[in-house]
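# Per-entry structural report
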Amino acid sequence: MVHTMLMSTPTYDVIVPSGKKKLSTLTYRGTRGFTLKTGALVRVPLGTRFVNGIVHSTGTNNTKALKPIKTVLTDQALFPPFFMPLARLIAARWFTNFSTALVRCAPGALWTLKRPIPDLPPLPAPAPTAQPLLIINGSLKRRWEHYATLLKSTWANKRILVLLANQELVREFCRFVDQVGIVAWEGRKVATAQGSWRAARRGEFRVLVGTRGALFCPYPVDLIICDNPHHLGFTSERAPRLQILPATLVRGRVEKSAVIIGSGMLPYGTAGQTLKHVNLDRFPPATIIELKKPPLEISTLSHIRTALKTKEKVVIYHNRNGKSLHEVCLRCSAIRPASHAPCGQCGGANFKKIGFSVEGLARLLTTELEHKSVIVAGTQSHWPLSAPLVVGTRALFEHRFPETYVAVMIDPDPLLTSPRYTGIEELLEDFGELRGASHIYIQTRYPDHAIFKQWGAWDRVRSTDFAHRKTLHLPPFGRVVECRSLANSPTTAVQALAKKAGLARLGVRAEHNSLFLRGTHQRVAQFLEQEKLPESVRWRIIPEPRGE
C-alpha cells in the first residue's frame, strides 16, 4: 500500500489558450514527487507542437495515455486568485470563450516563453477593502491634484493601480506625482527581470500607472483609479471587445478592492451602483449660438477674437475624426462619411460634401483671425501649452489642457442626431472633459434642444435618456448584437437568421451582410446559444456591452 502511494503520479488540468472552446482545458501528467500550484505556468504538448498553459486544478490519478508536462516555467502561481474568475466574467460578458479572454488578460509574451522564471515569490493574501465606489467629477487638473493628495495621505501605505488613456499621460502623471515606488506599466517585457510585468508580479511597486492592459496587473491591489474611462483608447478593437469601465468594476468586485472613477461627468456605466460622489469644481457657464451658416458663425468668431485679445487661450473642439468628411445625397438627403459608392438608401450617385476637416478649419481660422492655429489630431501631436489657439478632434482629450482657457465646440449636432443610442451620453462626456474651461461656446442648429435648455441639470438629462433607452430595450435594459455573415453570398443566410430572430420576438434589422438583433439580455443570449452562432465559422458576433 505504501509502495503504491509513492509510485502514484499527479495529474493537472491545464488551461491551453488555443482559441477553441473545446481545447481550453486539457489534462496532463505531472512529475512524480513534485507538486505544482494552481496558477503556475507550464509548457505542454498540444498535437505536434508545444504551447504554454496555466495549471487550473489537480486532475485524477489515472495517468493512462496522458501526455507529460514538458517544462515548469514558474514554481509559484502566476496570477492572484481573482485572475481566473475575472477572465471567466469577461468571457461571459463580451460573448467570447474563456481561452480568448485568458489570452487577452495576460501579456502575449507569456504564451511564447520557453525559459523558466525562477524569482517569483508567493503572492500575499488579499486584504478586502471596505471603501465603496467613489466617483470624482472635475477637470483633469483638479482630478490629478486630488489623486496626488489621496496617494500621499489616505492611501499612503497601500498598493494602487492608476489607469490612464495613453502612454503620454502615463509619463506626465509619473512626473506629476513624483514619488518613490511609482512604476510605469509596459506589460510586454516578461522575459527580462527589469520588465514592468515582472516588477508588478513581484510586488515591487507602490503605485502602478498604465493604460488599458495594466488592469490585468498580476498582483493584488488595494485601490484602482480609472481616469477618463469613456476615452476611445480604453475600448478594445478585437475580441473580447471589453471597455475599461465595466471591466474595472468587475475586477474591483471580484478582488474586493476599492475603485475610484475620475471623469468630467457622472459615467453612465455606474447606474445602479452604490457610490460616493465628489465634485471638485463647478461646471462652467455656456453660451449657445444658433448655427445658420457653417462652419463658424460671425458671433463665434467675435467671441474667439475677444478671448485672444484678452490673452486667454482658446481650444476649439471639432467633433470629427481627423480628415474624414461627410456628404449628403442630393436625391434622398441621407448623410454618410465620404465614399465613392452609390447611396445605400436610394442608389443615387450625386453627393455634396458637407463639414470641414481639421486642417480646413485651421486654415479658415488663420485667415479670419490672423492667428496661426496649432492642430492636435492624435497622441503624437505636439501641443505647446503656450499656444494661444488650438484646434483638434477628440484627440484633444489625450493631452493635458492649459490651466485656464475658453472652449469652443463647433459641431455637437452629429451626436445629437446620431443613430447610435450612445449619442447623448458621448456628448455629455465631451462637455465633462471641457469642465476646466472658464466659458464654453457651443454653436448648434438645435439651440432649443433639451440638453442645452437644461444646461447643468445633468441628472435630469440622464434620467430622460435612460427612460428613452428603457422604452426601446436598449442597453443597459437590453443587448444589441451584430451578426455578420462571412459567407461569399450572405443574403440568404441573413434572411434565414432574421426570420428565426423574428419568431423569437427579437428586434431585427438587416443591412447587407449584417443582422442587428435587439432585445432583453436573456432573450438574446438564449437565441445565440440556441443557434450556436459563437461556434460557427460563418458568423462573427460583435456584442455591444450592456451597462453595469
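Residues numbered from 1 in each chain as written. Predicted model: local features only at pLDDT ≥ 70, side-chain atom pairs only at ≥ 80, totals over all residues. Heavy atoms only, no water.

### Brief notes about the pairing of strand β7 (residues 160-163)
Selection rule: Each residue's exposure class comes from its accessible area (1.4 Å probe, protein chains only) as a fraction of the maximum for that residue type: buried when under 20%, exposed when over 50%, partly exposed otherwise. Numbering of helices and strands starts at the N terminus; helices are DSSP runs of H or I of at least 4 residues and strands are runs of E of at least 2. Think of it this way: DSSP has to see at least two bridges between two strands before they count as a pair.
By the alternation rule, side chains of β7 split into I160 and V162 and L161 and L163, which are all buried. Two strands pair when backbone bridges link them, and β7 and strand β9 (residues 207-210) are joined in this way by four bridges, in the parallel orientation. Following the sheet pairing, V162 is matched in β9 by V209. Pairing of β7 with strand β10 (residues 223-227), which is carried by four bridges, proceeds in the parallel orientation. Within β10, the residue paired with L163 across the bridge is C226.

### Thoughts on empty space enclosed by the protein
Using the following cut-off: Any residue with an atom within 4 Å of a point lines the site, the site being either a cavity, points on a 1 Å grid over the protein atoms alone where a 1.4 Å probe fits but cannot get out, or a pocket, an open set with protein on both sides within 12 Å along at least 5 of 7 lines. Grid points are joined across faces, edges and corners, and a volume is the space filled by probe spheres set on the points. Classes in brief: Ala, Val, Leu, Ile, Met, Phe, Trp, Tyr, Cys and Pro nonpolar; Asp, Glu, Lys and Arg charged; the others, Gly included, polar.
Applying the stated criterion to the full structure yields one cavity of 30 Å³ or more. Of the volumes computed, that of the largest cavity is approximately 40 Å³. Taken together, the residues that form the lining of the largest cavity break down as four nonpolar, one polar and three charged.

### With respect to the confidence of the model for the protein chain
Spelled out, the test is: Note: pLDDT gives the predictor's confidence per residue, expressed from 0 to 100. Contacts are assigned to residue pairs that have any heavy atoms within 4.5 Å of one another.
Of the residues in the protein chain, 85% have a pLDDT of 70 or more, and the chain-wide mean is 80. Considering only residues more than four positions removed or in separate chains, one finds that residues 1-7, a stretch of pLDDT under 50, has two contacts.

### Quick look at the environment of P45
Along the chain, P45 turns up in strand β3 (residues 41-46). In this structure P45 comes out as buried when scored by relative accessible area, which is 12%. Ignoring any residue separated from it by four or fewer positions in sequence, one finds P45 in contact with Y28, F50, K67 and P68.

### Topic: helix α4 (residues 140-152)
Rule in force here: Given a helix with a known number of residues, its expected span is that number minus one, times 1.5 Å. Along the arc lie the directions from the helix axis toward the C-beta atoms.
The end-to-end C-alpha distance of α4 is 19 Å, a good match for the 18 Å that 13 residues give at a rise of 1.5 Å each. Along α4, the residues classified as buried are L140, R143, W144, Y147, A148, L150 and L151. In a view along the axis of α4, the buried residues occupy a sector of 165 degrees, so they form one face of it.

### Structural notes on the pattern of salt bridges
Filter applied, for reference: Here, a salt bridge means any Lys or Arg side-chain nitrogen found within 4 Å of an Asp or Glu carboxyl oxygen.
By the definition in use, this model includes twelve salt bridges. The shortest N-O distance in the salt bridge between R435 and D281 comes to 3.2 Å. Here the residue R435 occupies a position in the loop between α11 (423-433) and β21 (439-444), and D281 occupies one in the loop between β12 (275-279) and β13 (286-290), the gap between them amounting to 154 residues. The two residues R435 and D281 agree in class, both being buried. For the salt bridge of D413 with R445, the shortest nitrogen-to-oxygen distance reads 3.6 Å. Taken together, the positions of D413 in helix α10 (residues 413-416) and R445 in the loop between β21 and α12 (450-453) put the pair 32 residues apart, joining distant regions of the chain. For R445, a relative accessible area of 45% gives the class partly exposed. Connected via shared salt-bridge partners are R143, D227 and E433.

### Notes on the packing of α4 against helix α5 (residues 167-177)
Just so we agree on the cut-off: What counts as an axis is a line fitted to C-alpha atoms, over the stretch in contact for a helix, and the angles between N-to-C directions run from 0 to 180 degrees. Here is the rule for angles: anything less than 35 degrees is roughly parallel, anything more than 145 is roughly antiparallel, 65 through 115 is roughly perpendicular, and the remaining ranges are oblique. Each crossing gets its handedness from the near helix: less than a right angle anticlockwise from the far helix is left-handed, clockwise is right-handed.
One way to put it is that α4 packs onto α5 with a least axis distance of 10 Å and a crossing angle of 55 degrees. Between α4 and α5, the interaxial angle falls into the category oblique. Viewed along their axes, α4 and α5 form a crossing whose handedness is right-handed. Contacts from W144, E145, Y147, A148 and L151 in α4 reach L169, E172, F173, F176 and V177 in α5.

### A few points about the environment of P81
Among the secondary structure elements, P81 is positioned in the loop between β5 (71-72) and α2 (83-93). Considering only alpha carbons, one finds P81 and E255, 174 residues apart in sequence, at a separation of 8.4 Å.

### Regarding the pairing of strand β19 (residues 389-392)
The side-chain alternation of β19 yields two buried faces, one formed by L389 and V391 and the other by V390 and G392. Bridge count for strand β14 (residues 313-317) against β19 is four bridges, and the pairing is parallel. Counted as the bridge partner of V314 is L389 from β19. As paired strands, strand β18 (residues 374-376) and β19 are joined by three bridges and run parallel to one another. Its bridge partner being in β19, V374 is matched across the sheet by V390.

### Focus: the sheet that holds strand β20 (residues 405-409)
The six strands are arranged β13-β21-β20-β14-β19-β18 in an open sheet whose pairing can be described as parallel. Lying at the two open borders of the sheet, with one neighbouring strand each, are β13 and β18. In this sheet, neighbouring strand axes are inclined to one another by 20 degrees on average, regardless of whether the strands run parallel or antiparallel. For β14 and β20, the ladder comprises five bridges, and the chain directions are parallel. Considered in β20, the bridge of V315 is made with A407. Strand contacts of helix α8 (residues 298-309): β13, β14, β19, β20 and β21, with the helix running at about 150 degrees to β14, the strand carrying the most contacts. Those strands touched by α11 are β14, β20 and β21, and its axis lies near 160 degrees from that of β20.

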